[in-house]
Every structure is written in C-alpha cells, then in structure tokens.
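# Descriptive structure summary
Residue-level listing of the chains:
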Amino acid sequence: MTIHVTDDRHFELSTDHTSYLFNILPTGELGHLYYGPRLREPNYANLEANEFRMVMPVIAADRPEMSLDHLKQEYPSYGHGDFRYPAYQITAPNGARISEFAYVSHRIIAGKPRETAFPASFGEPETVDTLVVTLVDPVAELTLELSFSVFAAVDVIVRRATFRNSGQQTVALDRALSMSLDLPDSAYELYQLSGAWARERHLYHRPLTRGVQAVSSTRNSSSAQHNPFLALARPGTDEQQGAVFGFSLIYSGSFLAQAEVDYYDTTRVTLGIDPFEFGWQLTPGTAFSTPEAILTYSDDGFNGMSHNFHRFMTAHLLPPHWVHTPRPVLINNWEATYFDFDQAKLIALGKQAKAVGIELLVLDDGWFGVRNDATTSLGDWQVNVQKLPDGLGGLGQAIHGLGLKFGLWFEPEMISVQSRLYAAHPDWAIHVPDRRMTPSRNQFVLDFSRAEVVDAMFEAIDAAIVDAQLDYIKWDMNRHITELYSLALPPAQQKELGYRYIQGVYTLYDRLTRAHPEVLFESCASGGGRFDAGMLFYAPQAWTSDDTDAVERLKIQWGTSMVYPLSTMGAHISAVPNHQTRRITSLAMRAAVAFFGVLGVELDITRLPEAELDELRDLIAAYKAQRSLLQQGVLTRLESPYDGNATAWQVMRADGRTGLAARYQVMAEPNPDDHWLRLAGLDPAAAYLVNGQRFMGDELMHQGIFIPQLFDIRKAREPSFDQTHAFDFTARLFTITRIEEASV
Ligand code: DGJ
C-alpha cells in the first residue's frame, strides 16, 4: 500500500523511491513533514520538532513554540500568523479574508479513472492510490478537499484542491493554487524553462535566495515566455546525479510557479493558476477544483527527474490510444508554400511525399475563407474553392488516393474582423465595450467561455473532419488575450474568464477527440507557445517551435525534454537557408536533430535536387525503421548545448537492448580538446556494439567513446580535398546494440 495513516494524524505517502509525509496540526490544519528519498521508518517526534521564536504570532497562548509563520504546511492560509504567500485566499460575504480549514476525515481511493472534461492524470488501481483529506471551515461554511494521488512506480505525486460551498452565501475565491510544499532549507538552484517565440523553453537557472522568486504567465496561455514548470536542484546536480525536485502543472492558462525562501531558511514552493486576474464566485452548493500539479523527486539528477515526468506522462496523462500508435511521418506545406498554394501544388507535393516515404500530408493555414495572407477569414472554416476547386472532400480523396493520410490546420479560438463570422457575431470577439481592441497578428480571440461559440467551432471542425475524412488536425493559436472581458458574464464574475476560456478550449478538444478518436491532434501556438501537460492530455504531440533551424533546435529540444517525452515533440526537417535564421546546415544534420522527436518534413520537396531526394528517402526510411525507439524510447541527455559547442543525447529502448546516440558539434574547432562521448544508463557488465565496435558498458559510461576531430588539417593540403567542404554544424550518430549473453 502506498498510503499509510498512523496514530490517526500522520500520513505517509510512498512511491518506489520517495516518501511524502504530513500531519494534522493542533489547529486541525495540515502540517508538512517531509518530501524526498524514501524513509525507512520516520521518527515523527524529530520530524515535528519546532523551535521557539521570539516575536511571533502563535496558535494559542499556551503553545508559544507553535507559530504558523514557521511551521511547514500542506495548504497554508494567510491571516492567522503565516506571513508567507498562501496557497489560497477567500473573501467572505462580510469582506473578511480569514479562513481556517480543519481536518474532518480522509479516504483512500484505488485507481483513478480517465475523466475527459478537464485534463487530469489517470491510472489503473495497481498504479495509483489517491488520498483525499477533507477539511472544513465552519465559519465560511466551506469544505476543502486536498487530494494526493500516488503513482508509485514513476515516483510522482499529483496534487489538487477542491473547494465546496456548503453555506447559503457566495464566497469569493481569490487564489486557489494546486499545491504548496514547504522544504526545510533553501540550498537549491531554481531551474526554469523560459524564452520567446522561436526560442521556447531555454533552460535558465539561479540560486535560491531569501524572498520570492517566480516564473509566471499572465497571457491566458501557458506561453513561450515561461513554461508551467520549475525544478529545485541541490548545487552540483547534473544530468546524471544529484537531488532534484520537479514540478509541472496540468493546465494551459495563466500560471504561477514560485519559490519563497523565508526568514528561517525554509522554502515554500507553490504552483497553480496565477492569482493575478483570477477570481471565482463560489455560489452555494457549487465546487471549484484546481488543475492538477505533478510533483516528482529524483536522486539521479535532471535525467532522473525527466525520466519520472516522461514515464508519468506516457502512462498517466497522454491519450492512451496514441501512446503506442506509431506517429506518422508528415509533410507540412507551411514553409513549403506559405499561403501560395492550390490543389495542383498540393497534389504534386503529396506525390513527391509518397515517393520519399512520407505518410501524412498536412495542409496548413490559408485553405479557408479568402485567406491569402494573415489579415482575414479566421472563423470562416469553409473551403476556398478558388484554391481548392474540388473542396475539402475532393482534396481529401486525392491525397488519400495517393496512399497518404490527410491533415488540416485550424485556429479554432480566433476571429478576423474581415470574416463572415465577425459580421454575424461581433460580440463573440473578446473585448471591453467602448474600448479599443488591441490587434495581434491582425486577429482577435473568440470568447470560448460561451457555449454557443464552442458549439459553432465544434460544428465547423466536425463537418471538415467528415467531409475530408481527416486523419490529423493541427490546432494552432497565434495570439494572447488582451482586454480580457466577456459580454456573457456578470461584473462579479469577470475574473473567472481566464479559467472559463481555457475550460472552453478543453471542452472543444474533449468533444472533438471523443467524436473522432481516430484523428490525431497536434497542438501549436505560434510554434511551442502552449506546450504544456494540459494540452498533451488531448493532443499527444505539439509543434515544438516555429524555429526549425537544426542548431537552434538543440537548445529548444533539450529544454523541452526536461519535462516532456520524445513522443510529444514535433520536429521537422526544413529548407536551407533556414527561414528563421538563414543558417545553412546539411540535410544529415537537420535530420539527426529532427530524429529525436516525431519526425516531419516542412519544405518544398518538389524542388529538391534528385540527390537530396534520395538522401531524404533514406533518412526517412532510417527513421521509420527505428520509429518505436525514437518515439517511445528512454531519452537521456548527455552533453548540454548550454555548456558549449557540443550537444549529445541518447535514446534506449525500455529493455535496454538497442539505442541510438547523437553528438552534435556546432562550430568547427581548430586543434580541438580531446572529446569523449560518455553514454549513460547501460549495464556496466554487458557488452555492446556501438557502430559495430565492441565495448563493455562500464567503459562506455566511465571513459566514453573517443570522438576524433572532424577535420584532419593534413587532408586539406591534399589535391583531392574538396575545398568547399565545411565542418560547422555536424552530427554523428551511434547505434547501440547490447550483445546477447550467448554471443559475448
Ligand atoms: C504558426 C505555426 O506555428 C506555424 O507552423 C504555421 O501553422 C502558422 N502559424 C500558420 O499561420
């Protein structure tokens, strides 16, 4: 059993390698005791030890050592003596913001069914137990349920809070975070994934220091700017060793991820919906549940943390149907044609795609309304017969006739002022009456908190799926919300819009994926601007970045892999010069980077020279031959692009028998230092063939494979040397095969 309750007041949650302990405080609130490597036999008297402090508010005059301001807690409030930022805050009908939830009962539930109305983790009874602790505030007449789902085999605990109003009056929820965790010291570095368009999820870190440090999004989208994730690692932690806590939120809207170091060197980690611009009117008889937060701990460095996240998401978050379904190699026409395409061009692209082994053609932006650039037609999801005279149905038939699957781009949440939809429903665009509307990419956002808007988009997309027999949908989202206001909500509920909007997005995803379970969804937001665990619950893959440059992708894919598995990362081979950087890299380099994800092609292959087409065909065949490894294997990062000129990573099958490693060198180096590629996670006592050469696992991990320099200067002086050959932007691949014991 993963959940134990001792003395009716000590709760012990155990995963295979971690323990999470909390207790009931004398006030009835929940105190926190421990999270970290698994403890054999907790000494509760020690874990509950507490210092007397001068000048502190205390819980009662006869308990001078008990101040909420320095007790570790599970879901702290503000106003009773704890001056750190709380997990939640309410405003009572009389204007008071004080609350106090005391323990009443708890229950343990085996298994967690997959419920699709809102993204949430799930699992069979043998993989997850959930402890639900019920607390009440009799004055506010509120019930609080704190749930802790223990996914033992993947060392993950998932937390969520639910508020219920059992009284007669409406109570305002001003803050309702998903988790709060008080750690006993602050000797950590905070790691975050931050960036901007075309450079999403770059890894940044800084030491924790006294006070508040946070990353957040106020954009009503998880955003390219900051990802809903943070990690705390002991100084000296690297990819293979060291203690690290990872936190990730299953939510796609505004979030706050914060670490607060207090005056006694304890660290409070909080994660949830950003309280800025959030509010909820909890009316009598209703409940509000926060999104879920994922907590994990590993002693095995960042790879250990990532393996936990990856295994958890694969087994307990992604849509189960797609987890083991091989994802098709696709061609997307965006960088091949942008808006300038017609049926003939697409069919020519499709024919060539089929000839090189591609399996799915995705028609991107511009197939509907009168959209020939980014100024019009969002919302008019009817085919443009000027471009596609046989309609979506005709094009779908033609593409399917070539032996390809067919996919289509939508941006369901958006509206152009120049559209028939806007003419019919100007009130559907989010705006504040009598105020100017702020354009972004010439478009505005539909009010997805309104059921009729979600219904209209469902009908339009559903009709296109049926008409074109779609196999795939790319769901894009290319602007953030400004002038956040709904004409459909009363004034007191306006701060609910951010949450209600995302709920509308989830509702549409839920309806579409239930109506068409065979359609593969890929989420996108100007590239990877909404790459989060909430989206992945419905759309098992996401477009990682609009930046398809192979060198830039090293940092982006490295950062993304901190949390998200390979099967979720769309990675395309695009044209050179690259459209985002103008950099020229070889096809081999571009493929070697795009192999580590779900492979696609995004260039006009009808114009590729024959030799490159042949190379592309071979590369795609090689990817397909290794597809289950590259989409489902265990990714281990080896050399960081943030540390220098080289990047390396490996992927191994779960059984450890075969794998592939890649080492990329960005710039050529004159007379370089010695380089060794150290693999990881192998069996030290087993023999392996690496590119045909025999090694023992211990040597591969401890000394590594010698990496000779790319460019032997003596050869350049030989007359046969190709003087145009450059050595920047190179990749080397290493196939790894464990040799069967019998043949060793
Ligand atoms: C942004 C996406 O990231 C691109 O891949 C492409 O779909 C464009 N939008 C189309 O407008």
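The rules behind each value
Residues numbered from 1 in each chain as written. Predicted model: local features only at pLDDT ≥ 70, side-chain atom pairs only at ≥ 80, totals over all residues. Heavy atoms only, no water. Helix = DSSP H or I, 4+ residues; strand = E, 2+ residues; numbered from the N terminus. Rg over C-alpha atoms; globule rule 2.2 N^0.38 Å. Contact = heavy atoms within 4.5 Å. Areas by Shrake-Rupley, 256 points an atom, 1.4 Å probe, with all protein chains shown as cover. Lys, Arg positive; Asp, Glu negative; His and termini not counted. Charge placed at Lys NZ, Arg CZ, Asp CG, Glu CD. 1 Å grid on protein atoms, 1.4 Å probe; cavity = no way out; pocket = protein on both sides within 12 Å on 5 of 7 lines; lining within 4 Å. Points joined across faces, edges and corners; volume = space filled by probe spheres on them. Nonpolar A, V, L, I, M, F, W, Y, C, P; charged D, E, K, R; others polar. Phe/Tyr/Trp six-rings, centres within 6.5 Å; stacked < 30°, edge-to-face > 60°. Buried < 20%, exposed > 50% of the residue type's maximum accessible area, 1.4 Å probe, protein only. Near = heavy atom within 4 Å. Polar contact = N/O pair within 3.5 Å; in protein donor to acceptor, adjacent residues only side chain to side chain.

## Topic: the overall build of the protein chain
Check the secondary structure of the protein chain and you find 15 helices and 38 strands. Here the protein chain has a C-alpha radius of gyration of 27 Å; the compact-globule value for 744 residues is 27 Å, and the two agree. Taking all contacts inside the protein chain whose residues are at least 6 apart in sequence as the whole, residues at least 24 apart take part in 69%. Accessible area for the protein chain stands at about 28,000 Å²; split by element, carbon and sulfur atoms hold 52% of it. Across the protein chain, the centroid of the 62 positively charged side chains sits 3 Å from that of the 90 negatively charged ones.

## Description of empty space enclosed by the protein
With the rule as written, the count across this model stands at four cavities of 30 Å³ or more. Within this model, the largest cavity holds a volume of roughly 80 Å³. Forming the walls of the largest cavity are E29, L30, Y75, P76, S77, Y88, F101, L135, L144 and L146. Class assignment of the residues belonging to the lining of the largest cavity gives a composition of eight nonpolar, one polar and one charged.

## Some words on the packing of aromatic side chains
Note on aromatic pairs: each is described by the distance of the centres and the angle between the planes. One pass over the full model with this rule turns up 51 aromatic pairs. A ring pair is formed by F11 and F22, whose centres lie 4.9 Å apart and whose planes are at 15°; its orientation type is stacked. Of the two residues, F11 sits in strand β2 (residues 10-14) while F22 sits in strand β3 (residues 18-24), which places them eleven residues apart along the sequence. Taken individually, F11 and F22 each receive the classification buried, so the pair is uniform in this respect. Ring geometry for F531 against Y564: centres 4.9 Å apart, planes inclined by 45°, an arrangement best described as tilted.

## Remarks on the site of the ligand
Taken together, the neighbourhood of the ligand is formed by 13 residues, with D364, D365, K474, D476 and D546 sitting nearest. Contact between the ligand and D364: an oxygen atom at 2.6 Å from a side-chain N or O atom of the residue. Contact distances for the ligand include 3.5 Å between an oxygen atom and a side-chain N or O atom of W543. Taken together, the residues that form the shell around the ligand break down as four nonpolar, three polar and six charged.

No statement about biological role is implied by the geometric values presented.
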